Amino acid sequence: IPLGVLFYSGMMRGYQEKMAHYIGTENHMNSTLVEYVNGIKVIKAFGRSASSYGAFSKAVAAYHDSTLDWFRQSWVWMAAIKSVVPCTLLASLPVGIWLMSTGELALPAFMCCIAIPLGFIGPLMKFAQAAGMVSRMDVCLNTIWDFLGEPELVRPQKRVKLSGRSLEFDRVSFSYHEGTRVLHDLSFTVVPGKITAIVGPSGSGKSTIAKLMAGFWDVTEGAIRFGGVDVRDIPFAQLMENVSYVAQDTFLFDRSLADNIRMGRKDASDEEVMAAARAAGCHDFIEALPDGFDTMVGEGGANLSGGEKQRISIARCILKDAPIVILDEATAFTDPENEAAIQASISGLVTGKTLIIIAHHLSTIVGADKIVVMDHGRVSAEGTHHELLESSSLYRSLWNAQQEATHAGGDAA
């Protein structure tokens, strides 16, 4: 047993590092395989089969090498443990027989000396094998602990009194990672009951602003005030009662269409769910499905097109009936035929509400009461469409570029 403990200590030397490397190469191989399978159409279309398969082969080879490295570390020592620990009988059996023959050891004591080692050797061997499993679990759990260790957004539990429903950005700056600012010293106001559009080139911080408005993150500097109160001082549930958010990358749960729409308001009746679907322009395609509103959407909405998923998310927003509606590129995946219908449903949705639109297609926000033009994380200009065409060179260039693209598309057609 002392030799077994010594061999076990040798096995555990550097064991966790090798296990972490083994787990890392295993995860890399799995992610490479998933990427290869999901991107097979693109790979074939651009003739990249050989290089892409080569990357997967390298990942498999790295996993193979790390597995052998780990096994070499554990197999030799484990074999030594399994050879040494059960060998107690090699000494106790002949010595016991000799002691019995000399009359120094009674038969019952001899039987105990034989039985006891056989009884605890098995559990000792299982313990040695379990140690490897524990090390693997520790490596895997560290990833989970790191995630769970991320600090939560701190929000109060007691509801606060709001004075109105205005949204105000007061010298707001934001960084996803320390030292890398995405937004710089933003100051503007969203007027209640009006349409405010936020536009700008890709990467200018538009979607980040929408997520900050919805309270998904805390600002790095400055403050965002809703109803005159810093959103960090408003209970998250109270804030969400007042805000509906439709993201560009819509996510649906693997439940029925009715259940996904009903997430907007869990106590909504079937009639209210259908009314919301009509308002969002998705009632007809739902009714055309074999199971109608009871149709399962699949994991992440896999059974629906991008435009259909977007309309379901808008129906969910309509059903929630919150006073502030944030549309983060809500029509990004909608075909031209349905975009007009969705724009009409949005017009009905926002009657008497505050609408905030994050948009790339400037034609959809021409009638906005205020347009905020973003450039490299800063407010470049504010005004109506006609005012900005006169005063903002950036907005004018964005508008002209889209008009040229529209005309070019029409000529090509």
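In the block above lies the structure referred to throughout.
Residues numbered from 1 in each chain as written. Predicted model: local features only at pLDDT ≥ 70, side-chain atom pairs only at ≥ 80, totals over all residues. Heavy atoms only, no water.

Engineer: Which residues make up the pairing of strand β1 (residues 167-177), and what values go with them?
Structural biologist: Relative to strand β2 (residues 180-190), β1 is paired through seven bridges, and the arrangement is antiparallel. Each residue of the ladder has a partner; that of Phe174, found in β2, is Leu183. The sheet contact formed by β1 and strand β4 (residues 221-226) spans five bridges and is antiparallel. What sits directly across from Phe169, in β4, is Ile224. (Pairing = 2+ DSSP bridges. Helix = DSSP H or I, 4+ residues; strand = E, 2+ residues; numbered from the N terminus.)

Engineer: Quick one: what's the story with the sheet that holds strand β10 (residues 378-383), residue by residue and with numbers?
Structural biologist: The six strands lie next to each other as β6-β7-β8-β3-β9-β10, forming an open sheet whose pairing is mixed. Two strands in the sheet have a free side with no partner beyond their single neighbour: β6 (243-246) and β10. Direction aside, neighbouring strands of the sheet carry axes that sit 15 degrees apart on average. Taken together, the four bridges between β6 and strand β7 (residues 324-328) define a ladder with parallel strand orientation. Across the sheet, the residue bridging to Tyr245 is Ile326, located in β7. (Axes fitted to C-alpha atoms, helices over the stretch in contact; angles between N-to-C directions.)

Engineer: Residues and numbers for the side chain of Thr25, please.
Structural biologist: Its place among the elements puts Thr25 in helix α2 (residues 15-38). According to the relative accessible area criterion, Thr25 is buried, its value standing at 10%. Polar contacts involving the side chain of Thr25 include one to the main-chain carbonyl oxygen of Tyr22, which spans 2.8 Å. (Buried < 20%, exposed > 50% of the residue type's maximum accessible area, 1.4 Å probe, protein only. Polar contact = N/O pair within 3.5 Å; in protein donor to acceptor, adjacent residues only side chain to side chain.)

Engineer: Outline the packing of helix α10 (residues 270-279) against helix α12 (residues 306-320), listing residues and values.
Structural biologist: Contact pair α10 / α12: the axes reach a minimum separation of 8 Å and the direction vectors enclose 125 degrees. The orientation of α10 relative to α12 falls into the category oblique. Between α10 and α12 lies a crossing of right-handed hand. For the pair formed by α10 and α12, the contact residues are Glu272, Val273, Ala276, Ala277 and Ala279 on the first element and Ala315, Ile318 and Leu319 on the second. Counted by class, the contact of α10 with α12 contains seven nonpolar, no polar and one charged residues. (Parallel < 35°, antiparallel > 145°, perpendicular 65-115°, else oblique. Left-handed = near helix turned anticlockwise from the far one by under 90°. Contact = heavy atoms within 4.5 Å. Nonpolar A, V, L, I, M, F, W, Y, C, P; charged D, E, K, R; others polar.)

Engineer: Pulling in residues and values, what's your account of the nonpolar core?
Structural biologist: Across soluble globular proteins, you tend to see nonpolar side chains buried next to one another. Membership of the largest hydrophobic core comes to 39 residues, with the highest contact counts inside it found for Ile261, Ile286, Ile312, Ile365 and Ile371. Examining the composition of this core, we find that six residues originate from one element, α12, more than from any other. Filtering out sequence-adjacent residues up to four positions away, Ile312 remains in contact with Leu252, Leu257, Asn260, Ile261, Cys282, Phe285, Ile286 and Leu304. Judged by nonpolar contacts, the second largest core, of 29 residues, contains Leu167, Ala210, Ala214 and Ile356. (Core = buried A, V, L, I, M, F, W, Y, C linked by side-chain atoms within 4.5 Å.)

Engineer: Explain helix α5 (residues 88-101) residue by residue, including any values.
Structural biologist: Compared with the 20 Å implied by 1.5 Å per residue over 14 residues, the 20 Å span of α5 between its first and last C-alpha is a close match. Positive phi shows up at Gly103, right after α5, with a value of about 80 degrees. (Expected span 1.5 Å × (residues − 1).)

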